[in-house]
Amino acid sequence: MTDPWTYEKAGVSIDRKSSAIESLVGELTYRRVGDGQNVRMSGLFASLIDYGDEYLTLATDGVGTKLLVAQALGKWDTVGIDCVAMNVNDTICVNAEPISFVDYVAIADPDGKVTRDIGIGLNRGAEMSNMDIVGGEIAVLPEIVRMPDLSGTCLGRVKKDRVITGSSCESGDLVVALKSSGVHSNGLTLARKVFESAGIGLGEKTSGISGTVGENLLEPTEIYVKEVLGITSRHEVHGLVDITGGGLRNLLRMRKGLRYVIDDPIGPAPIFKKIQELGSVSEKEMYQTFNMSMGFMLIAPAGEAEQIVSENRNAKVVGRVEEGAGVLMEPGNLVYDHY
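Think of each chain on its own: its residues are numbered from 1, step by step along the sequence as written. Residues qualify for local features only when their pLDDT is at least 70, as the model is predicted, and side-chain atom pairs are given and counted only at 80 or more; totals for whole chains, interfaces and linings, by contrast, use all residues. Just so you know, side-chain values use all the structure's heavy atoms and leave hydrogens and water out.

Enquirer: Describe the pairing of strand β11 (residues 326–329), naming the residues involved and giving the relevant values.
Expert: Where burial is concerned, the two faces of β11 agree: the one with Gly 326 and Leu 328 and the one with Val 327 and Met 329 are both buried. When DSSP finds two or more bridges between a pair of strands, those strands are recorded as paired. Strands here mean DSSP runs of E at least two residues long; helices mean DSSP runs of H or I at least four residues long; both are numbered from the N terminus. In this sheet, β11 lies alongside strand β8 (residues 258–262) in parallel orientation, the contact comprising four bridges. Residue pairing across strands places Arg 259 opposite Gly 326, the latter belonging to β11. For β11 and strand β12 (residues 334–336), the ladder comprises three bridges, and the chain directions are antiparallel. Directly across from Met 329, in β12, lies its bridge partner Leu 334. Counted along the chain from β11 to the antiparallel partner β12, the turn is four residues long, and its residue Gly 332 has a positive phi close to 105°. Partly exposed residues are those whose accessible area sits between 20% and 50% of the maximum for their type, while under 20% is buried and over 50% is exposed, using a 1.4 Å probe and protein chains only.

Enquirer: Account for the nonpolar core, naming residues and giving values.
Expert: As used in this record, nonpolar core signifies buried Ala, Val, Leu, Ile, Met, Phe, Trp, Tyr and Cys residues forming a set joined through side-chain atoms within 4.5 Å. With 86 residues, the main nonpolar core has Val 79, Leu 248, Leu 251, Tyr 260, Phe 290, Phe 296 and Met 297 as its most contacted residues. Residues count as neighbours in contact if any of their non-hydrogen atoms are within 4.5 Å of one another. Those residues in contact with Val 79 that lie beyond four places of it in its chain are Val 63, Leu 67, Ala 70, Ile 118, Leu 150 and Leu 218. Judged by nonpolar contacts, the second largest core, of nine residues, contains Leu 48, Ala 59, Ala 96 and Val 158.

Enquirer: Provide a residue-level description of the sheet that holds β11, including the pertinent values.
Expert: If you trace the seven strands from one edge of the open sheet to the other, you get β7-β9-β6-β10-β8-β11-β12, paired in mixed fashion. The sheet terminates laterally at β7 (239–242) and β12, the two strands that pair on one side only. Neighbouring strand axes in the sheet, compared pairwise and without regard to direction, differ in orientation by 25° on average. As paired strands, strand β6 (residues 174–179) and strand β9 (residues 294–300) are joined by six bridges and run antiparallel to one another. Bridging across to β9, Leu 174 finds its partner in Ala 300. What counts as an axis is a line fitted to C-alpha atoms, over the stretch in contact for a helix, and the angles between N-to-C directions run from 0 to 180 degrees.

Given below as C-alpha cells:
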C-alpha cells in the first residue's frame, strides 16, 4: 500500500503558506493618512476601506495550478470564470457588491488564441457577477514563466450598516452550505498528483466519475454573487465564508470563542470520492484541502437559516454554532483548531 497523499506531500504546505503570509504582512506597517484608510480587522476575505458612508473592498486571487489542466486539455475559455469567481466570492464575504475588476496575465509567448479564450471566460464571469472589467495587464515574461498565469483584483462596495464580518456569530446559529460546482480552484496540485500517481491521465476516463478526469477538474468555480447578496438582502446573516484554500478551516475566520460544528455535510461529489480513494487521502486532509461540495457557507440565526434553505434548493443546513473553539466535523470528531 502506498503512503497516503497529503497536500504537503504534493508540494503545498498550508501551514508554511500561513507562516509566509505572516512574515510578509508583518512588514506592512505604514498606514495611510487621510480619507480611504484601511479598516484594521483580521480574518476578512476582502479588505475594507473607509470611504464616507460606504466601505470599498479589495480582493485579489488567481487560478493556480488549474491552469496546468487547461494547458493539458488545450482549453482556456473557462479559466477566466475561475479568476473572477475566486475574487468575487471573497468580496461577497463582507456583503459587498463587486463592481469593477482588473486582470493580470503573465505569458512567455503571446498567443492570440489563448488570450482570446481567457477573455471569453473573464467576460462570462463578469456577466455572472454584474461587474465591469475596467482594465488589466498582459506581461510577456519569457525568462520567468513557461506558460500563462492568470490572476485578478476585484473592487466592491458595501454600505457601512450592511457590512457582515462574522463578529455577530453566536451560539445557537446554524451553518448553511451552498453546493459547489466541483473542485473549484483549490487543491488542484493534490488532485493532479493523485491521478498522475495512479497512472490516470487528464484526458482519460475512470470508474466512478462521468467524463474525463480533466473535464471534471476544469469545471468552472461557482459564482455565488447573486445568490448570496439576494439572501443577505432578505435575511439576517451573521457570517459569510468562502470555502477555498484551507477548506473548513476557513470557518475559523469567524468570531472567536465559538465552535463551528459540521454534523450533516453535503455528500461529496464523485470527483472528491475518487481523489480520496486513489490517494488514500484521510478524511481530515480532504476537508481542509477541498470544498467537498460545500463551496460557500452562511451562518445565520436558526429561523433565518431554515427559511434560507426553503428558498434556495442549492442550500442545506450542515451544522451549528456552539460555545467552545475551533471547527468540529462529526462524525469522526475531526478537529481544526488553527487557520
